[in-house]
Amino acid sequence: MNIIFMGTPDFAVPTLTKLCESGHTISAVFTQPDKPVGRKQILTPPDVKVCALKYGLKVLQPDTLKDDNSIEEIKKLNPDVIVVVAYGKILPKAVLDIPKYGCVNVHGSLLPKYRGASPIQSAVLNGDRVTGVTTMFMGEGLDTGDILLTEETEIGENETSAELFDRLASLGADLLIKTLSELEKGSITPIKQDESKATYTKKITRAMCPIDWNKPSEEIHNQVRGLQTWPVAVTKLGGKDVKIHSTILCDKSGKAGEIIVKNLANII
């Protein structure tokens, strides 16, 4: 297949890598523009751009896909399919209609649950035991397109969203390759999403970080796991903010926020 790939962060890199090693032709990679990062605001390329350049691929970084220039560029590339993984931009109908096999998205949840930008963190924050990845045809709505294939996986009791990100990125890459194969053979039947079961995720913000020690221990544990590695759960200790990177549920009990056992052995 002749493929255009659209993606931006590290979650999309395993899928691009798999495509590069699968024998498909990648005519271009679309990713977001380089952005200033850190205190020194150093202009930094997206992870997908770094990966694409490593494989010698053509990289395009338009500010929008809604202008005539971007649309004409995509038409000239004549893709059989456009693969989209966490691109971060809305694809207009004029782009969705170009590829022979449509635009296929890899999403980090079992749709229609957890539509939107933070499906992986949401699954951990809510204490879900099972999640997965979905490949779907893209439509004009937010993650509303027909489902192609899904792959389930269990979430570990102490697994963080960062760890789950890595696992789902790998699962999604494998599922995308399988999806393209079945699309080309005509052996896949798209399934309409059940709108009555649809849920949407919230944007992850620093406002979610402060720990309320009056909440159930399971909820606090999920908060700490779900906010790894950004923006990280915090609490007050001696009047200062302290980041809490890891917690483990135990059978001890005490007052809210009380330190029951002090163990300094693992503090560096």
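Explanation requested: the overall build of the chain in the structure shown.
When its secondary structure is counted, the chain shows seven helices and 11 strands. Dimensions of the chain, computed from the C-alpha atoms along their principal axes, are close to 65 × 45 × 30 Å. Across the 268 residues that make up the chain, the buried fraction comes to 44%. Counting contacts in the chain only where the partners sit at least 6 residues apart, residues at least 24 apart contribute 64% of the total. Surface accessibility of the chain: about 14,900 Å² in total, with carbon and sulfur atoms responsible for 52%. Put simply, the chain has 32 plus and 33 minus side-chain charges, and the middle of one group is 6 Å from the middle of the other.

Would you mind showing me how to read helix α2 (residues 47-54) here?
Counting along an α-helix, one turn takes 3.6 residues, and residues three or four places apart therefore face a common direction. Taken as a whole, α2 has its buried residues at V48, K49, C51 and A52. All buried residues of α2 project into a common sector of 165° when viewed along the axis, lining one side. Facing away from the buried side of α2 by more than 90 degrees, the exposed set consists of L53 and K54. Next to the buried residues of α2 lie β1 (2-7), α1 (13-20), β2 (25-30) and β5 (59-60).

Which parts of the structure should I look at to understand the nonpolar core?
The nonpolar side chains of a soluble globular protein tend to be buried, and buried together. Counting residues in hydrophobic clusters, the biggest one holds 35 residues, and the most contacted among them are F5, L16, L19, V29, V83 and L180. The element contributing the most residues to this core is helix α6 (residues 161-185), with seven residues. In contact with L19, not counting residues within four places along its chain, are I3, F5, H24, I26, V83, L176, I177 and L180. One finds A28, L60, I74 and L91 within the second-largest nonpolar core, a separate group that totals 17 residues.

Could you clarify how one ought to interpret helix α7 (residues 217-226) in this entry?
Burial runs high along α7: seven of the 10 residues are buried. Burial in α7 covers these residues: I220, H221, N222, Q223, V224, R225 and G226. Of the surrounding elements, those touching the buried residues of α7 are α5 (119-125), α6, β10 (233-237) and β11 (240-244).

What is the right way to look at the environment of V95 in this model?
Tracing the chain through its elements places V95 in helix α4 (residues 93-96). Spatially, the C-alpha atom of V95 lies 8.9 Å from that of S70, the residues being 25 residues apart in sequence. Residues in contact with V95, not counting those within four places in the same chain, are L65, I71, I74, I82 and C103.

Explain the pattern of salt bridges to me, please; I cannot follow it from the model alone.
If charged atoms from side chains of opposite charge come close, those side chains can pair. This structure, assessed with the given rule, holds 11 salt bridges. One salt bridge in this structure joins D128 and K113, with 3.2 Å as the shortest N-O distance. Highlighted residues: D128 in the loop between α5 and β8 (130-137) and K113 in the loop between β7 (103-107) and α5, separated in sequence by 15 residues. Under the relative-accessibility criterion, D128 is labelled buried at 13%. Here E195 makes a salt bridge to R115, at a shortest N to O gap of 2.8 Å. In this pair, E195 is assigned in the loop between α6 and α7 and R115 in the loop between β7 and α5, connecting sequence segments 80 residues apart.

I'm lost on the packing of α1 against α6 in this one. Help?
Think of two packed helices as two axes; the pair is described by the angle between the axes and how far apart they sit. Look at α1 against α6: their axes get within 8 Å of each other, and the N-to-C directions meet at 40°. If you check the angle between α1 and α6, you find them oblique. Handedness of the crossing formed by α1 with α6: right-handed. From α1, P14, T15, K18 and L19 reach across to α6, where they touch A169, S170, G172, A173, D174, L176, I177 and L180. Residue classes in the contact of α1 with α6 are distributed as seven nonpolar, three polar and two charged.

Would you explain the pairing of β7 in this entry?
For a regular strand, the rule is simple: side chains alternate between the two faces of the sheet. Here β7 lies mainly inside the structure; five of its five residues are buried. Every second residue of β7 is oriented toward a common face, with C103, N105 and H107 on one face and V104 and V106 on the other, all of them buried. Judged from the three bridges that link them, strand β6 (residues 81-85) and β7 form a sheet pairing that is parallel. When the bridges of β7 are listed, V84 appears paired with N105. Of the pairings in the sheet, the one linking β7 to β8 comprises four bridges and is antiparallel in character. By the bridge assignment for β8, H107 is matched with T134.

What counts, and at which threshold
- Residues numbered from 1 in each chain as written.
- Predicted model: local features only at pLDDT ≥ 70, side-chain atom pairs only at ≥ 80, totals over all residues.
- Heavy atoms only, no water.
- Helix = DSSP H or I, 4+ residues; strand = E, 2+ residues; numbered from the N terminus.
- Buried < 20%, exposed > 50% of the residue type's maximum accessible area, 1.4 Å probe, protein only.
- Contact = heavy atoms within 4.5 Å.
- Areas by Shrake-Rupley, 256 points an atom, 1.4 Å probe, with all protein chains shown as cover.
- Lys, Arg positive; Asp, Glu negative; His and termini not counted.
- Charge placed at Lys NZ, Arg CZ, Asp CG, Glu CD.
- Arc of directions from axis to C-beta.
- Core = buried A, V, L, I, M, F, W, Y, C linked by side-chain atoms within 4.5 Å.
- Salt bridge = Lys/Arg side-chain N within 4 Å of Asp/Glu carboxyl O.
- Axes fitted to C-alpha atoms, helices over the stretch in contact; angles between N-to-C directions.
- Parallel < 35°, antiparallel > 145°, perpendicular 65-115°, else oblique.
- Left-handed = near helix turned anticlockwise from the far one by under 90°.
- Nonpolar A, V, L, I, M, F, W, Y, C, P; charged D, E, K, R; others polar.
- Pairing = 2+ DSSP bridges.

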